Amino acid sequence: MPERYRVAVLGGDGIGPEVIREAVKVLSAAGRRFDLEFAFDEALIGGAAIDATGSPLPDETLALCRSSRAVLFGAAGGPRWDALPGDARPERGLLRLRAELAVYANLRPVRLMAEGISPLRAQAVAGTDLLIVRELTGGLYFATPRGRWGDLAIDTLRYTRDEIARVVRVALRLARSRRRVLTSVDKANVLETSRLWRDVVEEEARAFPDVTVRHMLVDTAAMELVRAPATFDVIVTENMFGDILSDEAAGVVGSLGLLPSASLGDHAPFLYEPVHGSAPDIAGKGIGNPVGAILSAALLLRYSCDLPSAAVAVESAVDAVLASGVRTPDLGGSASTVDVGDRIAAAVEEGQPVGLGEIRS
Ligand code: NAD
Ligand code: IPM
Ligand code: MN
C-alpha cells in the first residue's frame, strides 16, 4: 500500500484558487508516477472565509491544517476587503496560520529557470541560484504594541535571541548543503534588533566553520541583488526585509509568478505557498502563472514527504515546459494557467529526465 499523504488545500482569494488547482494537478501526477497517494481537503481562508464565516481563519480551517501532513496555500486579500481594520483583514488569516503552525523559517528559492525570461541582460543574471531564508513569525508583523490611537500609529520591531538563532541555524544548515556562503542581511547601522541579529549570527556561525558568513546592510543588498545576483548563495534576514527582497529577486529572474516558498518549523505540518499575492488585476482571467504554486508543491514533496526525487521531477518538468516556450503572459507568452499546469503535469507523469542525485534546496 502506498503511503497516504493528507494535504490541506487553502486556495484563498484572487488567483490563489486558480494556481493552487494546477499545483494539486501536478501533485496528483507525481502521485501516479511515484506511487504515492494524496488526499486533498479544501478549506476556507482569507477574504473568502470572511465572506462565508466572518473570520479570515475559521477554527475548522486551522483544525484541518493541524491534522494534515502539509498545507498548500494560494493567496489572501484583495480590494474588496481593503477597508477592513488591520486585524480583521484577509492577510491576518495567513499571518495567524503561520504563527499557529510556528513555521518560523520561510525558504524562498530563486533561480533562473529558462533563457530569455529575465528583464536583465543575460550576462548579468547568468548563474543566479539563491535561497532567501526569511524569518516568518516575528518582527514588525507580530510584535506589540501595534495599532492606531487617533493620530498615532505604532508597529513594533522586536526580536529575541532565540527567535533569531533558530532561523539562522536553518539557514546555516541549508548553506552547508549548497555552496556554503551565507549572507545575513540587516540594518545594523541603525537598528538595535539588527545589532542583536548580527551578534547571534556570529555566535551560531561558530558551529559551521565550513560556511563563509558575511553581513550586508539591507539597502546594499537590494542593490547587489540586481547588480550581481549570482554572487548570492543563501540569504538570511528578518521578516520584512525578506518580504521585500524576495519580490525584488522575483523581478530579477523574470516574474513574481515563478517563486515558490516553504515555511518550516520544528514539527509538521509545514506550509507551502507561492510568494505572490492574489493579483486582483488578472484574477478570473485564467492567465496567472501557476509555476510558483507548482514549485511550492515540489517543496512539499521534498520537505513534508521526504521525496527529493519526486521534487526534482516536478522542478525538471517546470524547466522543460518553460524552455519549450509554453509561458503565461507575465513571461511574454500566451499560454493560460491551465495550459501550463496541464503541460507540467503531463511532463511529470511521462517522466522528464531527472538529474541523478541532484537535490535542490
Ligand atoms: P500581487 O503579488 O498580488 O501582484 C503584484 C503584481 O504581480 C500584479 O501585477 C500581478 O498581476 C502580478 N502577479 C502576481 N502573481 C502573479 C502570477 N502568479 N502570475 C502573473 N502575474 C502575477 O501583489 P499586490 O497587487 O501588491 O497585492 C494584491 C493583494 O494580494 C493584496 O491584498 C495583498 O495584501 C495580497 N497579497 C497576498 C499575499 C499572500 O497571500 N501570500 C502575498 C502578497 C500580496
Ligand atoms: C508574502 C505576503 C504576505 C507577507 C502578506 C500578504 C501578509 O506579502 O507572503 O510575501 O508580507 O508575508
Ligand atoms: Mn510578500
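This one's a predicted model, so the numbers in the text were calculated from it and none came from an experiment.

Q: Mind laying out the overall build of the protein chain, listing which residues take part and the relevant values?
A: Secondary structure summary: the protein chain contains 12 helices and 12 strands in total. With respect to the principal axes defined by its C-alpha atoms, the protein chain has extents near 55 × 50 × 40 Å. Within the protein chain, the fraction of its 361 residues that count as buried is 56%. Taking the intrachain contacts of the protein chain between residues at least 6 apart in sequence as the baseline, contacts between residues at least 24 apart amount to 76%. Summed over all atoms, the accessible surface of the protein chain reaches about 14800 Å², with 53% contributed by carbon and sulfur.

Q: I'd like a description of the packing of aromatic side chains, backed by residues and values.
A: Inspection of the entire model under this criterion finds 3 aromatic pairs. A ring pair is formed by Phe 38 and Phe 40, whose centres lie 5.8 Å apart and whose planes are at 20°; its orientation type is stacked. The exposure class assigned to Phe 38 is buried, which follows from its relative accessible area of 14%. The exposure class assigned to Phe 40 is partly exposed, which follows from its relative accessible area of 26%. For the pair Tyr 159 and Trp 197, a centre-to-centre distance of 5.7 Å together with 75° between the ring planes defines the contact as edge-to-face.

Q: Residues and numbers for the site of ligand 1, please.
A: Residues in close proximity to ligand 1 total 22 residues, the closest being Glu 91, Gly 277, Ala 279, Asp 281 and Asn 289. In the environment of ligand 1, an oxygen atom lies 2.7 Å from a nitrogen or oxygen atom belonging to the backbone of Ala 279. Here a nitrogen atom of ligand 1 and a backbone polar atom of Asn 289 are 2.8 Å apart. Burial of ligand 1 by the surrounding chains reaches 69%, relative to a free accessible area of 800 Å². When contributions to the shell around ligand 1 are tallied by element, the ones reaching two or more residues are β3 (70–75) and α4 (90–101). Split into classes, the residues belonging to the shell around ligand 1 amount to 10 nonpolar, 8 polar and 4 charged.

Q: Please provide a residue-by-residue account of the site of ligand 2, values included.
A: Near ligand 2 the following residues occur: Glu 91, Leu 95, Arg 98, Arg 108, Arg 134, Tyr 141, Asp 243, Glu 273 and Val 275. A distance of 2.7 Å separates an oxygen atom of ligand 2 from a polar side-chain atom of Arg 98. One of the side-chain nitrogen or oxygen atoms of Asp 243 is found 2.9 Å away from an oxygen atom of ligand 2. The fraction of the free accessible surface of ligand 2 (320 Å²) that becomes covered by protein chains is 79%. No other element matches α4, which puts 3 residues into the shell around ligand 2. Residues that form the shell around ligand 2 fall into these classes: 3 nonpolar, no polar and 6 charged.

Procedures and definitions
- Each chain carries its own residue numbering, running from 1 in the written order of its sequence.
- Here the convention is simple: chains get letters from A, ligands get numbers from 1, in the order in which they are written.
- In view of the model being predicted, local features appear only for residues whose pLDDT reaches at least 70, and side-chain atom pairs are presented and counted only at 80 or more, with totals across whole chains, interfaces and linings using the full set of residues.
- Each side-chain value is derived from all of the structure's non-hydrogen atoms; neither hydrogens nor water enter the calculation.
- Each helix is a run of DSSP H or I of at least 4 residues and each strand a run of E of at least 2, with the numbering of both proceeding from the N terminus.
- Only protein chains enter the area calculation, which uses a 1.4 Å probe; residues under 20% of their type maximum are buried, those over 50% are exposed, and those in between are partly exposed.
- The contact rule is simple, with two residues in contact once any of their heavy atoms fall within 4.5 Å.
- Methods summary: accessible areas were calculated by the Shrake-Rupley approach with a probe of 1.4 Å, and residue burial reflects only the protein chains presented.
- Here is the rule: rings of Phe, Tyr and Trp (six-membered ring for Trp) pair when centre to centre is within 6.5 Å. Planes less than 30 degrees apart are stacked, more than 60 are edge-to-face, and the remainder are tilted.
- Each residue is tested against the molecule or strand, and it is near if at least one of its non-hydrogen atoms lies within 4 Å.
- The term polar contact refers here to a pair of N or O atoms within 3.5 Å; inside protein, the definition further demands a hydrogen-donor-capable atom paired with an acceptor-capable atom, and it admits residues adjacent in sequence only when both atoms are side-chain atoms.
- All residues other than Ala, Val, Leu, Ile, Met, Phe, Trp, Tyr, Cys, Pro, Asp, Glu, Lys and Arg, Gly among them, are scored as polar; the first ten of these are nonpolar and the last four charged.

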